[in-house]
Amino acid sequence: MQHTIVMTGASRGIGRAAATHILRRSPGVHLLVVARGSSGAQLAAELATSGHTVSHIAADLGSLDSVRSAATEIRDRLDRGDLPPLRGFVGNAGIQYANALTGTPDGFESTFTVNVLANHVFVRLLQDRFAAPARIVITASDTHFGDFRHNLGMVPGPAWKSPDVLARTGAFPEPDTVAAGRTAYSTSKLAAIYLVHEYARRLPAGIDAVAYNPGFVPGTALARNADPVSRFAMRRILPVLTLTPFATGRNTAGRRLADVVLGTTRAPTGSYVGRTRVARSSEESYDPRREGELWDAAERFTAA
């Protein structure tokens, strides 16, 4: 049956591999990729081989106005019948900065905007256009655990604060440092899990929300804003860890993401998939008070 899956972060790394696997394994999918500027057209053309149906829509995930515009255009295309029924949203795009001072045109901190608020805009504006059964998958991260076992001490753990603080630049000590930028990243991934729990509570029956953690995947573009030494290490040195249990290759992580999106990996709504199976996320990630507080804040931040 023909259906639409909307996906962010499909241009490279895990997302590119996942998009390829989704198209190969689900011939009825119309994959709608969200990408910045003219890159979406090229991405769609590269993915649309062997009869696969791929289209694109332009959006800058660092601008909530741009995300709203893209989500509204997707709604319009669905309403006009230009797209088959919507059965999935994959919020895979993510960013990590070398500080916690990078802001967006909306006045929010960029990591929080891309990793948390952009997904929320898509989910909320498309919520009443999903055709059940449907699945929302948000890419999470081991970094939200904040311990050595899960990220080898490379990223500081989350430092939760009021969402009104987290959403703004300078939320963490020494905000001009790499440590602050990485703390913003791990904290945003904790926030993403909180919102998945809220989606599970609030979305209509038949629309499942799942958090997927690929584990440590070196060789992606996540560190593209890091210093030259860190970028070199991520691209050229750390990929050797994929030969050990500590890291996962891009294609494997992408295939596993596709498993979650397509339902091959069975996961009830509100669950957390760690690599290949449903697991518990960190103890800190189960906090209904924080989840409700974040939901309320996200609603305020993303209101048109």
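The chain appears in an unreviewed UniProt entry as SDR family NAD(P)-dependent oxidoreductase from Kitasatospora misakiensis. Under the UniProt heading Sequence similarities (unreviewed entry), the entry covering the chain gives this text: "Belongs to the short-chain dehydrogenases/reductases (SDR) family."

S.K.: Where do I start with helix α1 (residues 13–25) in this structure?
M.R.: Each turn of an α-helix holds 3.6 residues, which means side chains three or four residues apart point in the same direction. Look at α1: 19 Å from first C-alpha to last across 13 residues, which is about the 18 Å you get at 1.5 Å a residue. All buried positions along α1 are accounted for by G13, I14, G15, A17, A18, A19, H21, I22 and L23. Residues of α1 that are buried make contact with β1 (3–8), β2 (29–35), α2 (39–47), β3 (53–58) and α9 (250–262).

S.K.: Is there a simple way to explain the pairing of strand β5 (residues 130–139) in this structure?
M.R.: If a strand is regular, its side chains alternate between the two faces of the sheet. For β5, the tally of buried residues reaches seven of ten residues, placing the bulk of the element in the interior. In the sheet, strand β4 (residues 86–91) pairs with β5 via five bridges, with the strands oriented parallel. Among the inter-strand pairings, G88 is bridged to a residue of β5, identified as R135. Regarding the hand of the β-α-β motif, the stretch spanning β4, helix α4 (residues 110–126) and β5 is right-handed. Note: β5 against strand β6 (residues 207–213), six bridges, orientation parallel. Across the sheet, residue A134 finds its bridge partner in β6, namely I207.

S.K.: Would you mind showing me how to read the sheet that holds β2 here?
M.R.: Sheet strands pair by backbone hydrogen bonding; their relative direction is either parallel or antiparallel. Overall, mixed pairing links the eight strands, which are arranged β3-β2-β1-β4-β5-β6-β7-β8 in an open sheet. The sheet is open, and its two edges are formed by β3 and β8 (277–279), each paired on a single side. For this sheet, the mean inter-axis angle between neighbouring strands, taken without regard to orientation, is 25°. As paired elements, β1 and β4 share five bridges and run parallel to each other. The residue of β4 that forms the bridge with T8 is G91. Against the sheet, helix α3 (residues 64–80) touches β1, β2, β3 and β4, its axis set at about 140° to β3. The strands touched by helix α7 (residues 178–202) are β5, β6 and β7 (272–274); relative to β6, the strand with the most contacts, the crossing angle is about 160°.

S.K.: I'm lost on the environment of R275 in this one. Help?
M.R.: Turning to its location among the elements, R275 is positioned in the loop between β7 and β8. On the basis of relative accessible area, R275 is assigned to the partly exposed category, the value being 26%. Taking the C-alpha atoms as reference, R275 lies 7.3 Å from A253; in sequence the two are 22 residues apart. Apart from residues lying up to four places away in sequence, R275 is in contact with D142, Y212, N213, P214, G215, F216, T248 and R256. For R275, the side chain forms a polar contact with the side chain of D142, separated by 2.8 Å.

S.K.: It is not clear to me how the pairing of β2 should be interpreted in this structure. Could you clarify?
M.R.: Among the seven residues of β2, seven are classified as buried, and the element is accordingly described as predominantly covered. Residues V29, L31, V33 and A35 point to one face of β2 and H30, L32 and V34 to the other, with burial holding for every one of them. Where β1 and β2 come together, six bridges link them in parallel fashion. The partner of T4 across the bridge, within β2, is H30. Of the crossover connections in this fold, the one passing from β1 over α1 to the parallel β2 is right-handed. Bridge count for β2 against β3 is six bridges, and the pairing is parallel. Bridge pairing links H30 to T53 in β3. With α2 bridging β2 and its parallel neighbour β3, the resulting β-α-β unit is right-handed.

S.K.: Is there a simple way to think about the pattern of salt bridges in this case?
M.R.: Pairing between side chains becomes possible if they bear opposite charge and their charged atoms approach one another. According to the stated counting rule, one finds 20 salt bridges in the structure shown. Residues E73 and R80 are paired through a salt bridge, measuring 3.5 Å at the closest nitrogen-oxygen approach. Residue E73 is classed as partly exposed on the basis of its relative accessible area, which comes to 27%. The salt bridge partner of R129 is D79, with a shortest N-O separation of 2.9 Å. Of this pair, R129 sits in the loop between α4 and β5 while D79 sits in helix α3; the two residues are 50 residues apart in sequence, bridging distant segments of the chain. What makes R129 partly exposed here is its relative accessible area of 22%. Each of E73, R77, R80 and D82 takes part in one network of salt bridges that share partners.

S.K.: I keep staring at the environment of D128 and nothing clicks. Help me out?
M.R.: Locating D128 in the fold gives a position in the loop between α4 and β5. Take D128: its relative accessible area is 53%, and that puts it in the exposed class. Counting along the chain gives 53 residues from D128 to R75, while the straight-line C-alpha distance between them is 9.3 Å. Reaching out from D128, the side chain makes a polar contact with the side chain of R75 at a distance of 3.1 Å.

Here is what the cut-offs are and how they apply
Residues numbered from 1 in each chain as written. Predicted model: local features only at pLDDT ≥ 70, side-chain atom pairs only at ≥ 80, totals over all residues. Heavy atoms only, no water. UniProt positions renumbered as here; feature names shortened; annotations may be inferred. Helix = DSSP H or I, 4+ residues; strand = E, 2+ residues; numbered from the N terminus. Expected span 1.5 Å × (residues − 1). Buried < 20%, exposed > 50% of the residue type's maximum accessible area, 1.4 Å probe, protein only. Contact = heavy atoms within 4.5 Å. Pairing = 2+ DSSP bridges. Right-handed = clockwise from strand over helix to strand, strands pointing away. Axes fitted to C-alpha atoms, helices over the stretch in contact; angles between N-to-C directions. Polar contact = N/O pair within 3.5 Å; in protein donor to acceptor, adjacent residues only side chain to side chain. Salt bridge = Lys/Arg side-chain N within 4 Å of Asp/Glu carboxyl O.

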